[in-house]
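What the coordinates show
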Amino acid sequence: MRDIRECRADFPLTEDLVYMDSASVSLCPEQVIGAVAEYDRRYRANVGRGVHRLTRFASQRFEDARARVAGFIGGQAGVTVLTANTTASVNMVAGGMRWRPGDRAVTFSSEHHSNLLPWLRLRERGVEVEVVAPEPDGLLDPAVVEAAVDDRTRLVALTHASNALGSVQPVREIGTIVHEHGARLLVDGAQSVPHLPVDVERLGCDYLCFSGHKMLGPTGTGILWMREPDLDPLLLGGGMIETVTPDGYTPAAPPARYEAGTPHVAGMIGLGRAVGYLEEVGMNEVRRHEAHLTGRLFKGLSGLDHVTVFGPDDPKKRIGVVSFVVDGMHPHDVAHILDEAAGIMVRSGEHCCMPLMRHLGLAHGTVRASLYLYNTAEEVDLLLAAVEEITRTV
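Since this is a predicted model, take the numbers as computed values, not measurements. Per chain, the residues get numbers from 1 upward, laid out in the order the sequence is written. Local features in a predicted model are, by the rule used here, given only for residues with pLDDT of at least 70; side-chain atom pairs are given and counted only at 80 or more, and totals for whole chains, interfaces and linings are based on all residues. Heavy atoms throughout the structure, all of them, feed into the side-chain values; hydrogens and water do not.

Thoughts on the state of the cysteines
- Cysteine sulfurs are considered disulfide-paired once they come within 2.5 Å of each other. Tallied over the entire structure, the rule returns 0 disulfides.
- Note on Cys209: no disulfide assigned, nearest cysteine sulfur contributed by Cys205 at a separation of 8.8 Å.
- The thiol of Cys353 is unpaired, and the distance to the nearest cysteine sulfur, on Cys352, comes to 6.9 Å.

This is the structure:
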């Protein structure tokens, strides 16, 4: 196990600024950058398409990375598919299920657009889509979910941890309700897999979607884990077939049938190394470190005049995403000042969660500070001091 305090040295960008936008894209450690560069320098080749030594070596590294990612989420018994990102993974499920007019899907107005729009589009195919509102702190009431799910419901889609408010949903309890009605559960784990110990068996989900670029890995990498390979492939072409004739084709066995075309080989290898890095630190330690910083930040912001903080105040029910507004100031203005005056990088706006922002009465969204294992208590204090200085102008 690595001491989490030593990790900061692996992220050179932290020497020059305070990075608190990891919910958008995390920084990449030198070890991951090195793994990607090694592929390009030493064994760059396609995978599953040839017998020469480079393609055999690249294919082995690619599949080793897939196995490591599967093990990271306790998903060895299912199917782990490489995609481009969480958005692509969700769309694969929405487009790959065989929907019939009259089927129902349930999702929530607290969702990231990527886990909302694919379901809303199903209305064009005669699917009834119900969108359920969360509580003011962003948490879902399982009783409200139960009232929305019936025996015509084919799927319930929810985010494990909110990218806008940091709220951690009671997925396991909701999953029990979903399965009692014979429906499937899709979990958007884009914000949970990087920050919490996640086990698909414990969650009880049927599909888990997440992105490499939010968990120290390369951009352009995502994962769709399926309990059963029960989806129709969205893309057809090279690499996903067993046989082809002028009369038709036979898909290859999963996961290959879901990975048409040349995959992001370097990205998958880099993602495997990112997972290895997180395992070296330990996800329980990542969670502990972030919870300490989040509690410090939430308490400090809540104590400032003219500042309103959103999301649950219980640290056990949130990740290191803290959203706030300053009275009378546009979130973009606050974020710009934090950058220019203090070198602090935060996100501002609606965070791809327009329905949630409207539900909370926020016309312009929030300022969002999102923390990760490379952040420190000193950086949290610097943010608090900078925000306090801003409030003096209100």
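Moving on from the model shown.
A few points about the pattern of salt bridges
- Here a salt bridge means any side-chain nitrogen of Lys or Arg lying within 4 Å of a carboxyl oxygen belonging to Asp or Glu. A full pass over the atoms with the stated rule returns 23 salt bridges.
- Its salt-bridge partner being Asp103, residue Arg100 comes within 3.6 Å of it at the nearest N-O pair.
- You can call Asp103 buried: its relative accessible area is 7%.
- Through salt bridges that share partners, Arg104, Glu128, Glu130, Asp150 and Arg152 make up one connected network. Burial classification: accessible surface area is computed with a 1.4 Å probe over protein chains only, and a residue below 20% of its type maximum counts as buried, one above 50% as exposed, and the rest as partly exposed.

Brief notes about the sheet that holds strand S6 (residues 184-188)
- The strand order across the open sheet formed by 7 strands is S2-S8-S7-S6-S5-S3-S4, and the pairing between neighbours is mixed. At either end of the open sheet lies a strand with only one pairing partner, and these are strand S2 (79-83) and strand S4 (128-132). Averaged over neighbouring strand pairs, the angle between their axes works out to 15° when direction is ignored.
- For two strands to be treated as a pair, DSSP must find no fewer than two bridges joining them. The way it works is that DSSP assigns letters per residue, a run of H or I at least four long becomes a helix, a run of E at least two long becomes a strand, and they are numbered from the N terminus. In terms of strand pairing, strand S5 (residues 153-159) meets S6 through 5 bridges, oriented parallel. Opposite Ala157, over in S6, you have Leu186 as the bridge partner.
- Sheet contacts for helix H2 (residues 53-72): S2, strand S7 (207-211) and strand S8 (222-226); angle to S2, the most-contacted strand, approximately 115°. Each axis is a line fitted through C-alpha atoms, taken for helices only over the stretch in contact, and angles between the N-to-C directions span 0 to 180 degrees. Contact definition: two residues touch when any of their heavy atoms are within 4.5 Å.

Digging into the layout of surface pockets
- When its volume is computed, the largest pocket comes out at roughly 440 Å³.
- His160, Val168, Gln169, Leu196 and Lys316 are the residues nearest the centre of the largest pocket, which is lined by 17 residues in total.
- The set of elements that each furnish at least two residues to the lining of the largest pocket consists of helix H6 (171-180) and helix H7 (200-203).
- A per-element tally of the lining of the largest pocket places H6 first, with 3 residues.
- Ten residue types, Ala, Val, Leu, Ile, Met, Phe, Trp, Tyr, Cys and Pro, are classed as nonpolar, four, Asp, Glu, Lys and Arg, as charged, and the remainder, Gly among them, as polar. Taken together, the residues of the lining of the largest pocket break down into 8 nonpolar, 2 polar and 7 charged. Here the term cavity refers to a set of points on a 1 Å grid, laid over the protein atoms alone, in which a 1.4 Å probe fits but cannot get out; the term pocket refers to an open set having protein on both sides within 12 Å along at least five of seven lines, with lining residues being those that place an atom within 4 Å of a point. Grid points are joined across faces, edges and corners, and a volume is the space filled by probe spheres set on the points.

Here's the deal with the pairing of S8
- Across the 5 residues that make up S8, a large majority, 5, are buried.
- Burial along S8 is two-sided: the face carrying Gly222, Leu224 and Met226 and the face carrying Ile223 and Trp225 are both buried.
- For S2 and S8, the ladder comprises 5 bridges, and the chain directions are antiparallel. Across the sheet, Leu82 pairs through a bridge with Ile223, a residue of S8.
- In this structure, S7 lies alongside S8, joined through 5 bridges in antiparallel fashion. The residue bridging Ser211 from the neighbouring strand is Gly222, located in S8.

Side note on the sheet that holds strand S11 (residues 307-310)
- With respect to topology, 4 strands assemble into an open sheet ordered S11-S12-S15-S14, the strand pairing being antiparallel. Single-partner strands in this sheet number two, and they are S11 and strand S14 (347-349). Across this sheet, the average inter-strand angle for adjacent strands is 30°, counted without regard to direction.
- Relative to strand S15 (residues 366-370), strand S12 (residues 321-326) runs antiparallel, the two sharing 4 bridges.

Re the packing of helix H1 (residues 30-42) against helix H8 (residues 265-281)
- Running from N to C, H1 and H8 point in directions that differ by 150°, and their axes come no closer than 8 Å. One way to sum up the angle between H1 and H8 is to call them roughly antiparallel. The hand of the H1/H8 crossing is right-handed. Each of Gln31, Val32, Ala35, Val36 and Tyr39 in H1 lies in contact with H8, whose residues at this interface are Val265, Ala266, Ile269, Gly270, Arg273, Ala274 and Tyr277.
- Looking at side-chain class alone, the contact of H1 with H8 contains 9 nonpolar, 2 polar and 1 charged residues. The scheme is simple: roughly parallel for angles under 35 degrees, roughly antiparallel for over 145, roughly perpendicular for 65 to 115, oblique for anything else. Should the near helix be turned counterclockwise from the far one by less than a right angle, the crossing is left-handed, whereas a clockwise turn marks it as right-handed.

Considerations on the environment of Asp151
- Considering the arrangement of structural elements, one finds Asp151 in the loop between helix H5 (142-148) and S5.
- When its relative accessible area of 64% is taken as the criterion, Asp151 is described as exposed.
- Taking the C-alpha atoms as reference points, Asp151 and Val265, separated by 114 residues in sequence, lie 41 Å from one another.
- Of the polar contacts made by the side chain of Asp151, one reaches the side chain of His181; its length is 3.0 Å. Polar contacts, as used here, are pairs of N or O atoms within 3.5 Å; protein pairs need one atom able to donate a hydrogen and one able to accept it. Residues neighboring in sequence count only if both atoms are side-chain atoms.

A few points about the nonpolar core
- Among buried residues, those of type Ala, Val, Leu, Ile, Met, Phe, Trp, Tyr and Cys that are joined through side-chain atoms within 4.5 Å constitute a nonpolar core. Ranked by size, the top nonpolar core spans 64 residues in total, and within it Leu208, Met215, Leu216 and Leu373 carry the most contacts.
- At 10 residues, H8 tops the list of elements feeding residues into this core.
- What Met215 contacts, discounting residues up to four positions off in sequence, is Ser26, Phe72, Val193, Pro194, Phe210, Leu271, Ala274, Val275, Leu278 and Tyr372.

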